[in-house]
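# Fold and geometry: a report
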Amino acid sequence: MKIKGGYFFRILDVDLTRGESSVRPFDEAFALQYIGGRGFGARILADHIRKSRKRIDPLGPDNVLVIAPGPLTGTYLPAAGKNSFVTLSPATGIYGDSSMGGVFGVELRQAGYDAVVLRGRAHELSALTIEDDRIKIIPLPEARGMNTLEAESLVREVTGDEDMKIASIGVAGENGAVFSCVNADWSRNAGRIGIGAVMGSKNIKAIAVRGSKDLPVADLKSLVKMAREGYDELKAHEFFRFWQQQGLMSVVDYANTMGILPTRNFQETVFDRADKMNGYTMEERYKIGDSACFGCSMSCGNICLVKEGKYRGTVTEGPEYESAAMLGSNLGASNFAYILKANALCDELGLDTISTGSIVGAVIEGLEKQILSPDDLGGLTLEWGDEEGILSLIEKIARRQGVGGILAGGAREILNRWPGLAGIICHVKGLEQSAYDARGAISMALGYGTSDIGAHHTRAWTVATELENGMEWGLEEKADFVIYHQTVRPLFDMLGVCRLPWIELGFPEEYYQRYYHAVTGVDRPLSELMECSNHIYDLTRAINVRLGISRKDDFPPSRTFDDPVPSGPTRGSVVDRDEYERILEMYYRKRGWDSDGRPPVEL
């Protein structure tokens, strides 16, 4: 198969320690096997680990950070603005990746690169600038302590280029908070697994990109035609307009109705004040505009402004569902103005909102149940819905002040300090659980348990389908459905597109096969592309096995088994441990992994 477009066949390799950069090519076989984005990142990271003679510290100079868009990124297709960050996660100690929307990845492609690899550590806090073939490491010590927006403004001032696309970290990344983010385009984040901390460990405050190249496309005429068809199909969907109005905030009501909304640290699954923090409240009182990633007509970003009260003047793009749920109902808070303030604060400091809400919730429950005392927390007292106390603790976490220094270490460090919280902190492999309770849906529990990065919903969001199908859905079907999600969703990351048109508006997967054909000139069936994605899941599992992961780590949080849902539609639900063991065995067998979870791929 001859590739006629989609790639520049160039990987930029930056040695921050030496202050040098080089461009290395890759061949067609590499592009066909790993496709791009997450696939490129996983292969580069795997090769780096395999060659290493010692265990790599995620926050040490020996770790690498791979930044990779996909072959569809920037091609004016629906939602084709995605870019993957891949590294060893300081939160989990294993494989980690995060997908960022916006326009940063598009600009990276226009600079002529299919991936960027950062190695080593700059001698002082710096900005990395990429302007086509001009690569610079610019010392920026004055940026220390700046929030993400301040750092972005400083880089524009230093470079004299107002139009550079910039990804930056806040103080949380500088201070090594293991769930710190990389921020771009105001509120687009590469979050969850500590990308910000890895950038901070490399003394890189910001990466600024400016590109001038046309993207290589094999059949532009066909691509334009298919893109128009895709946009028309999305626009014709009955929920398209509603999606533009509320975006992911529409999920608040759905999750509450289905009994999966995290409430008071996942103790409960319905929130009696959910109507105070839902999409309608946002629309009626706070929303002032829409925003979208590159090429996306869904415009799921909500620009919100607090117009009165003590948080007056707070403006942010957000929240989306995960942020609203984890900083709102999960902490017993319903004041939407406060949620906006907490969301904006996390973005500016560079903290992942899911992990932040999870850890703060565990602290409150720990105090409530007297597992923790104020003395344990340096005199801290905190209750459900304590807005000012929560905001203050968020600041402490980002700055590693007092007890914030422990909490910034994430679930693993917290449990090392206070093992009594084991039944309270909801995590898998050290990554705190996303904002969907899994006690009524064993497929969701399996998705969390077997996710290669930890308890994150982006690998397999199966909870809605299982709850809607009810008890008639068998274990075999549920295992198959999890594997299907874990295959198609990472494929989107490899191609460089967003999953939301597919999951929310039913946009057919077949479109992406046609897009791939038009861009690259390679006519491959969707099943073959899916097999490439499946191989990457085996590869990331092989990375994790090498780093010590096995069957014992593939279980959802203990609360999923031990604490029946107290009320609501899923009242009394827990996942049966024996049943979970059976579905896990099925899952391994279907994936071709052995009984301890070892895949057929080795490093």
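As the structure is a computational prediction, the values presented were derived from the model and not from experiment.

A tally of regular secondary structure across the protein chain gives 24 helices and 17 strands. Taking 2.2 N^0.38 as the reference for a compact globule, 603 residues should give roughly 25 Å; the C-alpha atoms of the protein chain span a radius of gyration of 22 Å, in line with that estimate. In terms of its C-alpha atoms, the protein chain occupies a principal-axis envelope of roughly 60 × 55 × 55 Å. Long-range pairs, those at least 24 residues apart, make up 69% of the contacts in the protein chain between residues at least 6 apart in sequence. About 21,000 Å² of surface is accessible on the protein chain, with carbon and sulfur atoms providing 47% of the total. Of the side chains in the protein chain, 67 bear a positive and 83 a negative charge, and the two mean positions are spaced by 4 Å.

On to the domain arrangement of the protein chain, then. Split by domain assignment, the protein chain resolves into domain 1 (11–210), domain 2 (240–431) and domain 3 (437–591). Counting residues at the interface gives 38 residues for domain 1 and 32 residues for domain 3. The junction of domain 1 with domain 3 conceals about 3,000 Å² of combined surface from both sides, 67% of it contributed by carbon and sulfur atoms. A salt bridge links Arg459 to Asp97; the shortest N-O distance between them is 2.5 Å. The tally of links from domain 1 across to domain 3 stands at eleven residue pairs in polar contact (both at pLDDT 80 or more). Taken together, the elements giving at least two residues each to the side of domain 1 that touches domain 3 come down to α1 (28–34), α2 (38–51), β4 (83–88) and β5 (95–100). Considering every element that reaches the side of domain 1 that touches domain 3, the biggest residue donor is α2, with eight residues. Looking at the side of domain 1 that touches domain 3 residue by residue, the classes come out as 17 nonpolar, 14 polar and seven charged.

What follows is about the side chain of His485. Looking at the secondary structure, you find His485 in helix α19 (residues 475–495). On the accessibility criterion, His485 (2% relative accessible area) is buried. From its side chain, His485 meets the backbone nitrogen of Trp461 in a polar contact 3.3 Å long. For His485, the residues in contact, after removing those within four places along its chain, are Arg459, Ala460, Trp461, Thr462, Pro490, Trp502 and Ile503.

Each value, and the rule that gives it
Numbers given for residues are sequential positions, taken from 1 along each chain in its written order. Thresholds applied to this predicted model are a pLDDT of at least 70 for local features of residues and 80 or more for the giving and counting of side-chain atom pairs; totals over whole chains, interfaces and linings are not thresholded and use all residues. Excluding hydrogens and water, the side-chain figures rest on all heavy atoms present in the structure. We count a stretch as a helix when DSSP gives it H or I for four or more residues in a row; a strand needs E for two or more, and each element gets its number in order from the N terminus. Atoms counted for the radius of gyration: C-alpha only. Globule rule: 2.2 Å times residue count to the power 0.38. Contact between two residues is taken to exist if any of their heavy atoms lie within 4.5 Å; hydrogens are not considered. Calculation of accessible area relied on Shrake-Rupley with a 1.4 Å probe; when residues are assessed, cover is drawn exclusively from the protein chains displayed. Counted charges follow a simple rule, with Lys and Arg positive, Asp and Glu negative, and His plus the chain ends left uncounted. Throughout, a charge is located at the NZ atom of Lys, the CZ atom of Arg, the CG atom of Asp or the CD atom of Glu. An automatic or database domain assignment is the source of the domain bounds shown. Using a 1.4 Å probe, buried area is obtained as the accessible area two parts lose upon being combined, added over both of them. Each salt bridge in this description consists of a side-chain nitrogen of Lys or Arg and a carboxyl oxygen of Asp or Glu lying within 4 Å of one another. Pairing of N or O atoms within 3.5 Å defines a polar contact, subject to two protein rules: one partner must be a possible hydrogen donor and the other a possible acceptor, and residues neighboring in sequence count only if both atoms are side-chain atoms. In the scheme used here, Gly and all other residues not listed as nonpolar or charged are polar, with Ala, Val, Leu, Ile, Met, Phe, Trp, Tyr, Cys and Pro taken as nonpolar and Asp, Glu, Lys and Arg as charged. Three exposure classes are used, based on accessible area relative to the maximum for each residue type with a 1.4 Å probe and protein chains only: buried under 20%, partly exposed in between, and exposed over 50%.

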